[in-house]
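Single-letter residue listing:
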Amino acid sequence: KTRGKWDDVTLVIFSDFGRALAMNGGNGTDHGWGNNLFFTGGAVKGGQILGNYPDDLTNANPHIMNGRVIPTTPLDSMWNSIARWMGVTTEEGLDLVAPNRKSFPDDFLWDENVMFV
């Protein structure tokens, strides 16, 4: 902030894996699939929750499998938005940053206006 660069910085904080909802035989939890991410920076649109959190944590929910939350939002959504905000606009460039992005429908991929002012 002191150098006037805060609006040019985005910090992404996330875990490399989620945790299962149910305890395993060793009274711990196994690795899961869903996780959380936090963003901060001068240009980040704050106060948002992006993605969906399940309101039913039982196996009756199609986004829960054997006690594991199945993500509803791909990580490529976030990387696509950050890359576009940083000026990556070509399909080739975006594919390098988010190589799995074409595996999802376009409405799953955020543009820079979703995360940034």
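Residues numbered from 1 in each chain as written. Predicted model: local features only at pLDDT ≥ 70, side-chain atom pairs only at ≥ 80, totals over all residues. Heavy atoms only, no water.

Draft legend 1. Just the overall build of the protein, in detail. Of regular secondary structure, the protein possesses three helices and six strands. Beginning at the N terminus, the succession of helices and strands in the protein can be written as β-β-β-β-β-β-α-α-α. Seen through its principal axes, the protein has C-alpha atoms that stretch 50 × 35 × 25 Å. Looking at the protein residue by residue over its 117 residues, the buried ones come to 24%. Intrachain contacts of the protein at a sequence separation of at least 6 include 60% that bridge at least 24 residues. When the accessible area of the protein is evaluated, it comes to approximately 8000 Å², of which 53% is carbon and sulfur surface. (Helix = DSSP H or I, 4+ residues; strand = E, 2+ residues; numbered from the N terminus. Buried < 20%, exposed > 50% of the residue type's maximum accessible area, 1.4 Å probe, protein only. Contact = heavy atoms within 4.5 Å. Areas by Shrake-Rupley, 256 points an atom, 1.4 Å probe, with all protein chains shown as cover.)

Draft legend 2. Local environment of unusual backbone geometry. Positive phi is not limited to glycine here, since N27 has a value of about 65°. For N66, which is not glycine, the phi torsion reads 50° and is therefore positive. Mapping N66 onto the fold places it in the loop between β5 (64-65) and β6 (68-69). Residue classification places N66 among the exposed positions, given a relative accessible area of 59%.

Draft legend 3. The confidence of the model for the protein, seen in detail. Of all residues in the protein, 100% attain a pLDDT of 70 or more, and the chain-wide mean is 89. Within the protein, helix α2 (residues 91-97) carries the highest mean pLDDT (95), whereas strand β2 (residues 18-23) carries the lowest (81). (pLDDT = per-residue confidence, 0-100.)

Draft legend 4. Local environment of helix α1 (residues 75-85). Within the sequence span of α1, burial applies to D76, S77, M78, N80, S81, I82 and A83. Buried residues along α1 sit in contact with β1 (11-14), β4 (37-40), α2 and α3 (112-115). Where α1 ends, the next residue or the one after it, G87, has phi of about 105°, a positive value.

Draft legend 5. Region of the structure containing the pairing of strand β3 (residues 29-32). The pairing of β2 with β3 spans three bridges and is classified as antiparallel. Counterpart to R19 in the pairing with β3 is H31. In sequence, β2 turns back onto β3 through a hairpin of five residues, with N27 there showing a positive phi of about 65°. (Pairing = 2+ DSSP bridges.)

Draft legend 6. Inspection of the nonpolar core at higher detail. Listed in full, the seven residues of the largest apolar core are A43, V44, M78, I82, W110, M115 and F116. Ignoring anything within four residues of it in the chain, the contact list for V44 reads T10, F39, M115 and F116. (Core = buried A, V, L, I, M, F, W, Y, C linked by side-chain atoms within 4.5 Å.)

Draft legend 7. Representation of the side chain of R101. Looking at the element boundaries, R101 is found in the loop between α2 and α3. Ignoring any residue separated from it by four or fewer positions in sequence, one finds R101 in contact with D76, N80, E91, L94, D95 and L109.

Draft legend 8. Representation of the pattern of salt bridges within the structure. Going through the model one piece at a time under the given rule, you end up with five salt bridges. Among the ionic pairs, R68 bridges to D30, the shortest N-O distance being 3.8 Å. Placement of R68 in strand β6 and of D30 in strand β3 is noted, with a sequence separation of 38 residues between them. Owing to a relative accessible area of 21%, R68 belongs among the partly exposed residues under this scheme. The shortest N-O distance in the salt bridge between R101 and D95 comes to 2.8 Å. (Salt bridge = Lys/Arg side-chain N within 4 Å of Asp/Glu carboxyl O.)

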